There are 2 protein chains.
Amino acid sequence: MKTQLKKGTLDMCVLAALAAGDSYAYELVSILSRSMEVSEGTMYPLMRRLQAEAWVSTYLVESASGPSRKYYTLTAEGRRQLALMQQEWQEFVGDVNSVLQLAAGRATGETA
Amino acid sequence: MKTQLKKGTLDMCVLAALAAGDSYAYELVSILSRSMEVSEGTMYPLMRRLQAEAWVSTYLVESASGPSRKYYTLTAEGRRQLALMQQEWQEFVGDVNSVLQLAAGRATGETA
DNA sequence: TCCAACTATCATGTATTACAAGGTACATGG
DNA sequence: CCATGTACCTTGTAATACATGATAGTTGGA
């Protein structure tokens, strides 16, 4: 299972999806599902965390096909956070990839 | 804190480091510390997991400067696992980056 | 009418795992 | 003889992804 890989990236992915337009939890699951596996049991607690951090705010919109939809929209702080997370993400990917090159390179033998 | 980002990648990083040469936990911490933050409290439980999965095997080597060192070496299965993890890692990075591109058009309209 | 299916919300419990904090043991130099 | 550095290990905690299932409104069919 690569569920562990997702830890810490789902927040960022959700924020990124919201940066492309307001959405609600149920729809976010299907949007993200186009690229990765996510479930509702993950999304709802996650959205509450994002709201608790004030990275998103909500408004209700009535739906003709079921209960009202709770739309989420990025706050200014959320946008800042997204930028920060993306930067950390790229640094992290760089770090990991540099470690992976140990396996390919085989000849490091430096300061030990 | 980006400790969550590491979930699921540390195993791979350790296997990659071992692919470059046998090592022991204490040394692995300092090797990986060159690229990322890791602590002993993380490493020792992790090594036991890797051994429980039979991805590494161990042998003792006496040291002139302290207790015997428990060296870890990759098993054939460990090498297979490393290759698999690297593949999953790259797919995962691709997935996440494709989600991040959802935001590309909007959030960073100006200061990119 | 009643029941199933679909949309949409949320809560509870479990597993994984990174890490801090603490403990053991051995060697060497002040 | 004690501090320091090497090297091992355990326990407890926090974060979080997810399975499962509850709640509720709408629509359409038997």
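Our subject is the structure listed above.
The rules we used
- Residues numbered from 1 in each chain as written.
- Chains lettered and ligands numbered in written order.
- Predicted model: local features only at pLDDT ≥ 70, side-chain atom pairs only at ≥ 80, totals over all residues.
- Heavy atoms only, no water.
- Helix = DSSP H or I, 4+ residues; strand = E, 2+ residues; numbered from the N terminus.
- Rg over C-alpha atoms; globule rule 2.2 N^0.38 Å.
- Buried < 20%, exposed > 50% of the residue type's maximum accessible area, 1.4 Å probe, protein only.
- Areas by Shrake-Rupley, 256 points an atom, 1.4 Å probe, with all protein chains shown as cover.
- Lys, Arg positive; Asp, Glu negative; His and termini not counted.
- Charge placed at Lys NZ, Arg CZ, Asp CG, Glu CD.
- Near = heavy atom within 4 Å.
- Polar contact = N/O pair within 3.5 Å; in protein donor to acceptor, adjacent residues only side chain to side chain.
- Nonpolar A, V, L, I, M, F, W, Y, C, P; charged D, E, K, R; others polar.
- Least-squares fit on C-alpha atoms with pLDDT ≥ 70 in both.
- Contact = heavy atoms within 4.5 Å.
- Core = buried A, V, L, I, M, F, W, Y, C linked by side-chain atoms within 4.5 Å.

Caption draft 1: A look at the overall build of chain A. Secondary structure assignment for chain A yields five helices and three strands. Ordering the α and β elements of chain A from the N terminus gives α-α-β-α-α-β-β-α. Taking 13 Å as the expected radius of gyration for a compact globule of 112 residues, we find that chain A reaches 18 Å, considerably beyond that expectation. Dimensions of chain A, computed from the C-alpha atoms along their principal axes, are close to 65 × 30 × 20 Å. Taking all 112 residues of chain A together, 43% fall into the buried category. When the accessible area of chain A is evaluated, it comes to approximately 6,300 Å², of which 48% is carbon and sulfur surface. Computed over 11 positive and 12 negative side-chain charges, the inter-centroid distance for chain A is 5 Å.

Caption draft 2: Quick look at the protein's contact with DNA strand C. Around DNA strand C, a shell composed of 29 residues is seen, among which Tyr-44, Arg-69 and Lys-70 of chain A together with Lys-6 and Lys-7 of chain B lie nearest. Counting only the atoms of DNA strand C within 4 Å of the protein, the fraction contributed by sugar and phosphate is 73%. Here a phosphate oxygen of DNA strand C sits 2.9 Å away from a polar atom, N or O, in the side chain of Thr-42 of chain B. Arg-49 of chain B places a side-chain nitrogen or oxygen 3.0 Å from a phosphate oxygen of DNA strand C. Taken together, the elements giving at least two residues each to the surface near DNA strand C come down to α3 (25-33), α4 (40-52) and β3 (69-74) of chain A together with α1 (3-6) and α4 (40-52) of chain B. For the surface near DNA strand C, the element with the highest residue contribution is α4 of chain A, accounting for four residues.

Caption draft 3: Region of interest: the protein's contact with DNA strand D. Surveying the vicinity of DNA strand D reveals 28 residues, the closest of which are Lys-6 and Lys-7 of chain A together with Arg-48, Arg-69 and Lys-70 of chain B. The sugar and phosphate moieties of DNA strand D supply 71% of its atoms located within 4 Å of the protein. Contact between DNA strand D and Gly-8 of chain A: a phosphate oxygen at 3.0 Å from a main-chain N or O atom of the residue. A distance of 3.1 Å separates a phosphate oxygen of DNA strand D from a polar side-chain atom of Arg-49 of chain A. Mapped by element, the contributors of at least two residues to the surface near DNA strand D are α1 (3-6) and α4 of chain A together with α3 (25-33), α4 and β3 (69-74) of chain B. If one sorts the elements of the surface near DNA strand D by residue count, α4 of chain A sits on top with four residues. Here the residues of the surface near DNA strand D are counted per class, giving nine nonpolar, ten polar and nine charged.

Caption draft 4: The relation of the copies chain A and chain B, seen in detail. Once chain A has been moved 0.0 Å along the axis and rotated by 180 degrees, it coincides with chain B to within an RMSD of 0.1 Å. The superposition of one copy onto the other is thereby described by a two-fold rotation axis. Measuring from the rotation axis to each C-alpha of chain A, the shortest distance belongs to Lys-7 of chain A, at 3.1 Å. Both copies present the same face, since 94% of the interface residues in chain A are matched by interface residues at the equivalent positions in chain B.

Caption draft 5: Expanded view of the nonpolar core. With 69 residues, the main nonpolar core has Met-47 and Trp-89 of chain A together with Met-47 and Trp-89 of chain B as its most contacted residues. In terms of residue count, helix α5 (residues 76-105) of chain A provides more of this core than any other element does, ten residues in total. Setting aside residues no more than four positions away along its own chain, Met-47 of chain A makes contact with Val-14, Leu-18, Ala-25, Leu-28, Val-56 and Tyr-72 of chain A.

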